[in-house]
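Listed here are the chains, written in short residue letters.
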Number of protein chains: 2
Amino acid sequence: MRIAVARETHPGETRVAATPETVAGLVRLGHEVAVQPGAGHGALIDDDRYADAGALLLEEPFDGAELVLGVQPLDDAGRSRLRPGTATLSFLPATLMLADLVARRDAGLTSFAMDYVPRISRAQPMDALSSQSLVAGYRAAVVAAGRLREFFGLSMTAAGTIKPAQVLVLGAGVAGLQAIATVKRLGAVVRGYDVRAAAAEEIASMGAVPVDLGLDTLEGAGGYAREMTAERAALQRERLAPYVAAADALITTAAVPGRRAPVLVHRAMVEAMRPGSVVVDLAADSGGNVEGVEPGRVVMIGGAAVWGGSNVPAQMPAPASRLYAANVLAVVTLLTREGDFAPDFDDEIVAGMCLTHQGRVRNAMLAELLGSE
Amino acid sequence: MRIAVARETHPGETRVAATPETVAGLVRLGHEVAVQPGAGHGALIDDDRYADAGALLLEEPFDGAELVLGVQPLDDAGRSRLRPGTATLSFLPATLMLADLVARRDAGLTSFAMDYVPRISRAQPMDALSSQSLVAGYRAAVVAAGRLREFFGLSMTAAGTIKPAQVLVLGAGVAGLQAIATVKRLGAVVRGYDVRAAAAEEIASMGAVPVDLGLDTLEGAGGYAREMTAERAALQRERLAPYVAAADALITTAAVPGRRAPVLVHRAMVEAMRPGSVVVDLAADSGGNVEGVEPGRVVMIGGAAVWGGSNVPAQMPAPASRLYAANVLAVVTLLTREGDFAPDFDDEIVAGMCLTHQGRVRNAMLAELLGSE
């Protein structure tokens, strides 16, 4: 079948859903791959390299395509160009774009969402939330190192000892653990906190000191944290405050896909940090872990510079695209057989990722959300 | 005696020549320290902290001062406010500012230059060129990590392996070795080159691979490299070219105080780097190791972003000031006895640092330069 890869139209999106390596993989699976010229420019991939890998370069790649690959969901114009029955595979944060979901249903599109890959072992090679979080976590650490105008590591010099920086990382999912590993490599003294007690061991394994606030654990489904009560959240902030005040750099990474991020740090807590301190909030796009953060901007709160991440994986387009495209190739391998589109809806991964198909919303939770509107 | 610390007036200078810690040290030596309000603002040091350390906060700190401390040389206005016989201690790159040297001589000032501390063991605690190079080398590595939109280190992920970045560091003095150590910490594959063969061992000790171009060594005085012939420079560039082309990030640190930096990398060599590559040139202020670099700017050469460092230590004002102020305290300790100014001109360090005294230029090389004008 023909698989299409178009230029991303979302502002600031630099990634691409297929690389020359994954195009070669798709061709080996028996598919024809149509790539729109320029699709890889943001990720520094020339059209020639796609052609060398076996892609057709087509200005209208959707024509005749059965499956459309993307990073961001198609915009209205892109979606309206697809025939009923066409399948799409991209991020699709459906709870935040229910109108889009309805339009997809009504247009008879089959929608596979990378954000809905179940968090099971077999699906790990398809887990784009994790792969992109890895990129974001690394970037958060590098941004913090660049913005904090102090050494991260200890140095013994003839002119005296340079003390290591104190870094606090909140949220110990993939992004948080990668941030911890990276700042630790640079020699900082790192503390980590997560509402899930089980995370303490992972935090320690990365070389950071797990912070114990003496609160109940909040393990939830799929390895994510459960939502907490307002009382618990307030107590947590109160007990986190001295750790925030002691940090030279604070990196926050607590996000739950499709929901507003929890506010872990109030403005007054940032104001208690030393002048010259740095805050990097990876959750800024979904409301922020830090009160007052703005995505894509640096705002001063007290003497601290607060960096709000905006589509942070897209800030490292080449590696983020390589990982995302590999995730996508693994999903396409699952969805097709001998070059034909053949999704097995009895498969837990296929069923979990498919949000619309044959004129209906397949995901029970989303169907319920729509019904209740 | 009274020691003065004024606000730096040089554009972009954020450092300060004394910190609260070194003010306390100067007071313990029996001195009175006059600090101009705001002198520490660039380095995030409040006036109150100076006062707590025992400083007088005076808007006219030069009045009655026998010794004036600074980072940059005083400008004309500052210099003209000093009585004959007053001593100054600051960086003073005299070969680049001979007119200033003559004005100092004619004004009867005693000028001690931090750039002229001899490179002997006993002087290491006073070696500000080294301490500031340490800061610059760290900053170069962090800037390169932030600008290269690839991972520095290897990662094994469910979506495939991320290859480590290739970093080439030219010049293995204090700055180059610190840059090597820092990028190595982040997991990059690092190569290092220096014209001094003895540097290979130091490069290797930091975890980098020393590049051997099969050329003669150029050991010079004071641990610095000798100047090379045009033929040797051309051959060196020719043999370096493939290493530059293979690097994701190039960091250049070859500088000799008071002279134009050697051009190690021609424009065509940068143009051969991959798109998205990064160049960080720490020598941009003294002409640059990379042809086409501009201090304080990022210019694109081919597909590479070339970052020209401008007063790089001042980009980390707090640690740079702490180290510089410690160097200055060590020099003041050498220059004074029981609270009085008592330089021993028979001391190799004192003699080496003193450029003007009692109406004459003391440094033989500088006196010759002036005589030959």
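Residues numbered from 1 in each chain as written. Chains lettered and ligands numbered in written order. Predicted model: local features only at pLDDT ≥ 70, side-chain atom pairs only at ≥ 80, totals over all residues. Heavy atoms only, no water.

Peer 1: Teacher, can you tell me more about the environment of Arg119(B) here?
Peer 2: Residue and element names in this part refer to chain B. Relative to the elements of secondary structure, Arg119 occurs in the loop between strand 6 (110-113) and helix 5 (128-147). Spatially, the C-alpha atoms of Arg119 and Leu129 are 9.9 Å apart, while their sequence positions differ by ten residues. Here Ser130 takes part through its side chain, which lies 3.2 Å from a polar atom of the side chain of Arg119. (Helix = DSSP H or I, 4+ residues; strand = E, 2+ residues; numbered from the N terminus. Polar contact = N/O pair within 3.5 Å; in protein donor to acceptor, adjacent residues only side chain to side chain.)

Peer 1: Please explain the domain arrangement of chain A as it appears in this structure.
Peer 2: A common way to state how big an interface is: give the accessible area lost once the parts meet. Residues and elements named next belong to chain A. In terms of domains, chain A is made up of domain 1 (2-126 + 317-368) and domain 2 (137-315). Computed from C-alpha atoms alone, the centre-to-centre distance between domain 1 and domain 2 is 33 Å. Here domain 1 packs against domain 2, burying approximately 700 Å² in sum over the two surfaces, 47% of which is carbon and sulfur. Contact with domain 2 buries area across many residues of domain 1, yet Arg15, Arg119 and Pro317 alone supply 55% of it, more than any other trio. Our count for the domain 1 to domain 2 interface comes out at zero salt bridges. Along the contact surface separating domain 1 from domain 2 lie four residue pairs in polar contact (both at pLDDT 80 or more). Along the lines of polarity and charge, the residues of the side of domain 1 that touches domain 2 split into three nonpolar, four polar and three charged. (Domains from an automatic or database assignment. Buried area = accessible area lost by both parts, 1.4 Å probe. Salt bridge = Lys/Arg side-chain N within 4 Å of Asp/Glu carboxyl O. Nonpolar A, V, L, I, M, F, W, Y, C, P; charged D, E, K, R; others polar.)

Peer 1: What's the story with empty space enclosed by the protein in this structure? I'm lost.
Peer 2: To find leftover empty space, one rolls a probe the size of a water molecule over the atoms. Across all of its chains, the model carries one cavity of 30 Å³ or more by this definition. Each pocket or cavity is described by its volume, and for the largest cavity that value is around 30 Å³. Lining the largest cavity are Val142(A), Ala145(A), Leu186(A), Ala141(B), Val142(B), Ala145(B) and Leu186(B). Breaking the lining of the largest cavity down by element, the ones donating at least two residues are helix 5 (128-147) of chain A together with helix 5 of chain B. When residues of the lining of the largest cavity are assigned to their parent elements, the largest contribution, three residues, is made by helix 5 of chain B. Looking at side-chain class alone, the lining of the largest cavity contains seven nonpolar, no polar and no charged residues. (1 Å grid on protein atoms, 1.4 Å probe; cavity = no way out; pocket = protein on both sides within 12 Å on 5 of 7 lines; lining within 4 Å. Points joined across faces, edges and corners; volume = space filled by probe spheres on them.)

Peer 1: Quick question: what am I supposed to make of the relation of the copies chain A and chain B here?
Peer 2: What relates the two chain copies is a rotation about an axis together with a slide along it. Here chain A sits on chain B after a turn of 180 degrees about the axis and a move of 0.0 Å along it, with an RMSD of 0.0 Å. Between the two chains, the operation in question is that of a two-fold axis. Ranked by how close their C-alpha atoms come to the rotation axis, the residues of chain A are headed by Arg185(A), at 2.8 Å. (Least-squares fit on C-alpha atoms with pLDDT ≥ 70 in both.)

Peer 1: Could you clarify how one ought to interpret the pairing of strand 5 (residues 87-90) of chain B in this entry?
Peer 2: Each regular strand carries side chains that alternate between the two faces of the sheet. Residue and element names in this part refer to chain B. Side chains Ala87 and Leu89 of strand 5 all project onto a buried face; the interleaved residues Thr88 and Ser90 project onto the opposite face, where all are buried too. Examined bridge by bridge, strand 4 (residues 67-69) and strand 5 share three bridges and lie parallel to one another. Counterpart to Leu67 in the pairing with strand 5 is Ala87. The pairing of strand 5 with strand 6 spans four bridges and is classified as parallel. Across the sheet, the residue bridging to Thr88 is Ser111, located in strand 6. Traced from strand 5 through helix 4 (residues 98-106) to strand 6, the parallel crossover comes out right-handed. (Buried < 20%, exposed > 50% of the residue type's maximum accessible area, 1.4 Å probe, protein only. Pairing = 2+ DSSP bridges. Right-handed = clockwise from strand over helix to strand, strands pointing away.)

Peer 1: How should the packing of helix 5 of chain B against helix 6 (residues 174-185) of chain B be read in this particular structure?
Peer 2: Each pair of packed helices can be summarised by the angle the axes make with each other and by the distance between the axes. Residue and element names in this part refer to chain B. Interaxial distance between helix 5 and helix 6 falls to 7 Å at its minimum, and their mutual angle equals 35 degrees. Of the two elements, helix 5 crosses helix 6, and the hand of that crossing is right-handed. Contacts between helix 5 and helix 6 involve Ser130, Ser133, Leu134, Gly137, Tyr138 and Ala141 from the former and Val174, Ala175, Gln178, Ala179, Thr182 and Val183 from the latter. Of the residues assigned to the contact of helix 5 with helix 6, the class counts are seven nonpolar, five polar and no charged. (Axes fitted to C-alpha atoms, helices over the stretch in contact; angles between N-to-C directions. Left-handed = near helix turned anticlockwise from the far one by under 90°. Contact = heavy atoms within 4.5 Å.)

Peer 1: Please explain the interface of chain A and chain B as it appears in this structure.
Peer 2: Taken together, the 36 residues of chain A in the interface contact 37 residues of chain B. For the chain A and chain B pair, buried surface summed over both sides reaches about 3,000 Å², with 62% attributable to carbon and sulfur atoms. The largest share of the area that chain A buries against chain B comes from Arg149(A), Phe151(A) and Arg185(A), three residues that together contribute 22% of it. Taken together, chain A and chain B are joined by two salt bridges. Between Arg322(A) and Glu150(B) there is a salt bridge, with the nearest N and O atoms lying 2.6 Å from each other. Where chain A packs against chain B, one counts ten residue pairs in polar contact (both at pLDDT 80 or more). Elements represented by at least two residues in the side of chain A that touches chain B include exactly helix 5, strand 8 (160-162), helix 6 (174-185) and helix 10 (317-335) of chain A. Its residues placed into classes, the side of chain A that touches chain B shows 20 nonpolar, eleven polar and five charged.

Peer 1: What's the story with the sheet that holds strand 19 (residues 360-361) of chain A in this structure? I'm lost.
Peer 2: In a beta sheet, neighbouring strands are held together by backbone hydrogen bonds and run either parallel or antiparallel to one another. All names here are of chain A. Spatially, eight strands are ordered 3-2-1-4-5-6-18-19 in an open sheet, and the strand pairing comes out mixed. Looking at the sheet topology across the chains shown, the edges are occupied by strand 3 (56-57) and strand 19. Relative to strand 18 (residues 354-357), strand 6 (residues 110-113) runs antiparallel, the two sharing two bridges. The partner of Phe112 across the bridge, within strand 18, is Cys354. Contacts from helix 1 (residues 20-28) reach strand 1 (2-5), strand 2 (32-35) and strand 4 (67-69) within the one sheet, and its direction differs from that of strand 2 by about 145 degrees.

Peer 1: Teacher, can you tell me more about the nonpolar core here?
Peer 2: In globular proteins that are soluble, nonpolar side chains generally tend to be buried together. With 81 residues, the main nonpolar core has Phe152(A), Val167(A), Ile251(A), Phe152(B), Val167(B) and Ile251(B) as its most contacted residues. Discounting chain neighbours no more than four positions away, the residues touching Ile251(A) are Ala140(A), Ala141(A), Ala144(A), Val167(A), Leu168(A), Val169(A), Leu170(A), Ala179(A), Val183(A) and Val280(A). (Core = buried A, V, L, I, M, F, W, Y, C linked by side-chain atoms within 4.5 Å.)

Peer 1: Would you mind showing me how to read the pattern of salt bridges here?
Peer 2: When the charged atoms of two side chains with opposite charge come close together, those side chains can pair. This model, assessed by the stated rule, comprises 30 salt bridges over all chains. Where Asp100(A) meets Arg79(A), a salt bridge forms, and the shortest distance between an N and an O atom there is 2.2 Å. With Asp100(A) in helix 4 (residues 98-106) and Arg79(A) in helix 3 (residues 76-80), this residue pair connects regions lying 21 residues apart in the sequence. Judged by its relative accessible area of 9%, Asp100(A) is buried. The salt bridge involving Asp248(B) is made with Arg274(B); its shortest N-O contact spans 2.9 Å. Residue Asp248(B) is located in the loop between helix 8 (230-246) and strand 12 (249-252), and its partner Arg274(B) is located in the loop between helix 9 (267-271) and strand 13 (278-281); the two are separated by 26 residues in the primary sequence. For Asp248(B), a relative accessible area of 15% gives the class buried.

Peer 1: How do you make sense of helix 4 of chain A when you look at a structure like this?
Peer 2: Since the α-helix advances by 3.6 residues per turn, residues separated by three or four positions end up pointing in the same direction. Residue and element names in this part refer to chain A. Looking at helix 4, one finds that the buried residues are Leu98, Asp100, Leu101 and Arg104. Summarising the axial view, the buried residues of helix 4 lie within an arc of 155 degrees, below the 170-degree limit, and thus occupy one face. Within helix 4, the exposed residues directed more than 90 degrees away from the buried face are Ala99 and Asp106. In this structure, the buried residues of helix 4 make contact with helix 3, strand 5 (87-90), strand 6, strand 18, strand 19 and helix 12 (364-371). Gly108 sits one or two positions beyond helix 4 and adopts a positive phi of about 70 degrees. (Arc of directions from axis to C-beta.)

Peer 1: Teacher, can you tell me more about the sheet that holds strand 18 (residues 354-357) of chain B here?
Peer 2: Residue and element names in this part refer to chain B. A sheet is described by the order of its strands in space; here eight strands give the open sequence 3-2-1-4-5-6-18-19, paired in mixed fashion. The outermost strands of the open sheet, each flanked by one partner alone, are strand 3 (56-57) and strand 19 (360-361). Helix 1 (residues 20-28) contacts strand 1 (2-5), strand 2 (32-35) and strand 4 of the sheet and is inclined by roughly 145 degrees relative to strand 2.

Peer 1: Sorry if this is basic, but what is going on with the pairing of strand 9 (residues 166-170) of chain B here?
Peer 2: All names here are of chain B. Within strand 9, four of the five residues are buried, which leaves it mostly tucked inside the rest of the structure. Examined bridge by bridge, strand 9 and strand 10 (residues 189-193) share five bridges and lie parallel to one another. The partner of Gln166 across the bridge, within strand 10, is Val189. As defined by bridge partners, strand 9 adjoins strand 12 across four bridges and the pair is classed as parallel. Across the sheet, the residue bridging to Val167 is Ala249, located in strand 12.

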